[in-house]
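# Structure assessment
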Amino acid sequence: MNPIVDWEDEKNSHVFLNPRMPDALKTNIEESDLPHLPGHIWVASSGTSATDELKLVALSKRALLVSAQAVVDHIHLGARDVWLDVLPHFHVGGLSIYARSHLTGAKVLAPENWKWNPERFQKLCDENAVTVTSLVPAQVYDLVSMQLPAPRDLRVAIVGGGAMREGIYLLARKLGWPLLPSYGLTEAGSQVATASLDTLRDVPELVPGGEVLSHLEVKLAGNDLIQLKGGSLLTGLATITADNVEFSDPKVDGWLQTSDVGAWDGSKLRVLGRNDEVVKVGGELVNLNRLNHTLHSLADDRGLDSRLLLVPLPSDRLGYE
């Protein structure tokens, strides 16, 4: 079953939103005039963090299927695979599972009213002979912390949404978890680079670099910023505020410049960090500049010393906290 999207329908479009989004933003979207883009899916950019502004990425269904086909080829997905989806559908990481199952005919198990529970996740995998899933680093941390061994039928667990901590990765592999660390972004329709299946033959000493998938070209711009070109990139970006909607296409000559700094040897891509004041906490981007502005405003309102600063500290579970 693939109940999320009719992938062959190139006329109708969809908007997927986080149900925890502030009501004011939901109202803005309902009352906004998004560009008419047939056969598209709108999802929030992972960089959206303001309460009075929302950035929606327009991805064509065709672009998402291009990305899905590259992943299918990279990890050899087929009709006999069984997915366990524990990621939200309003996130491209969860949504893309259904594009991949559409191409292969694989079954997708998506528990209703799911709330992350490591032991239940392991049990669902075993009970349903799950062969493939997608996780974020915080979930891997929880599995390792509870010393849960990998389910017997699981052959691939794609890990995205943030960098893997080396110690956690190695502990998870020793517990049998078949982790394939990946790098991706909403604007690219999901994965850009993913570790190869060959890295599962033995436990490597380091977190493996990702092989750039077949549908994308990569190059490094000034300051080693990662640039991408290919058929899975966004059509455009809508910035929604209380006053208006601005639509733009950030690509230049087909190339999308990211805010990620990388090392690229023509085969493997390693992401070294971000070039702006943004860090990932539990797989979600947090804008430090905006948070510090809010902190200073709260301090001023309460007559407190405003010489305060929020800084990101490394966290094995969340990436940063």
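The structure reproduced in this document is the subject of the present report.

Conventions adopted
- Residues numbered from 1 in each chain as written.
- Predicted model: local features only at pLDDT ≥ 70, side-chain atom pairs only at ≥ 80, totals over all residues.
- Heavy atoms only, no water.
- Core = buried A, V, L, I, M, F, W, Y, C linked by side-chain atoms within 4.5 Å.
- Buried < 20%, exposed > 50% of the residue type's maximum accessible area, 1.4 Å probe, protein only.
- Helix = DSSP H or I, 4+ residues; strand = E, 2+ residues; numbered from the N terminus.
- Contact = heavy atoms within 4.5 Å.
- Axes fitted to C-alpha atoms, helices over the stretch in contact; angles between N-to-C directions.
- Parallel < 35°, antiparallel > 145°, perpendicular 65-115°, else oblique.
- Left-handed = near helix turned anticlockwise from the far one by under 90°.
- Nonpolar A, V, L, I, M, F, W, Y, C, P; charged D, E, K, R; others polar.
- Pairing = 2+ DSSP bridges.

This brings us to the nonpolar core. Core analysis: the biggest nonpolar cluster contains 45 residues, and Trp7, Leu95 and Val192 have the highest contact counts within it. With seven residues, the single largest contributor to this core is helix H2 (residues 61-75). Ignoring any residue separated from it by four or fewer positions in sequence, one finds Val192 in contact with Tyr183, Gly184, Leu185, Glu211, Val212, Leu213, Leu216, Val218, Leu228 and Leu269. Core analysis: the next-biggest nonpolar cluster, separate from the first, contains 25 residues, Val86, Phe121, Ile168 and Leu179 among them.

As a further point, take the packing of helix H5 (residues 137-145) against helix H6 (residues 166-174). Contact geometry for H5 and H6: axes closest at 9 Å, N-to-C directions at 55°. One finds that H5 runs oblique with respect to H6. You can see that H5 and H6 cross each other, and the crossing is left-handed. For the pair H5 and H6, contact is made by Val140, Tyr141 and Val144 and by Ile168, Leu171 and Ala172, respectively. Classifying every residue of the contact of H5 with H6 gives six nonpolar, no polar and no charged.

A word on the sheet that holds strand S8 (residues 179-185). With respect to topology, eleven strands assemble into an open sheet ordered S5-S4-S6-S7-S8-S9-S10-S16-S15-S12-S11, the strand pairing being mixed. Unpaired on one side and paired on the other, strand S5 (107-109) and strand S11 (216-220) mark the two borders of the sheet. Neighbour-to-neighbour, the strand axes of the sheet open up by a mean angle of 45°, direction not taken into account.

Remember that the coordinates give geometry; whether it matters functionally is a separate question.
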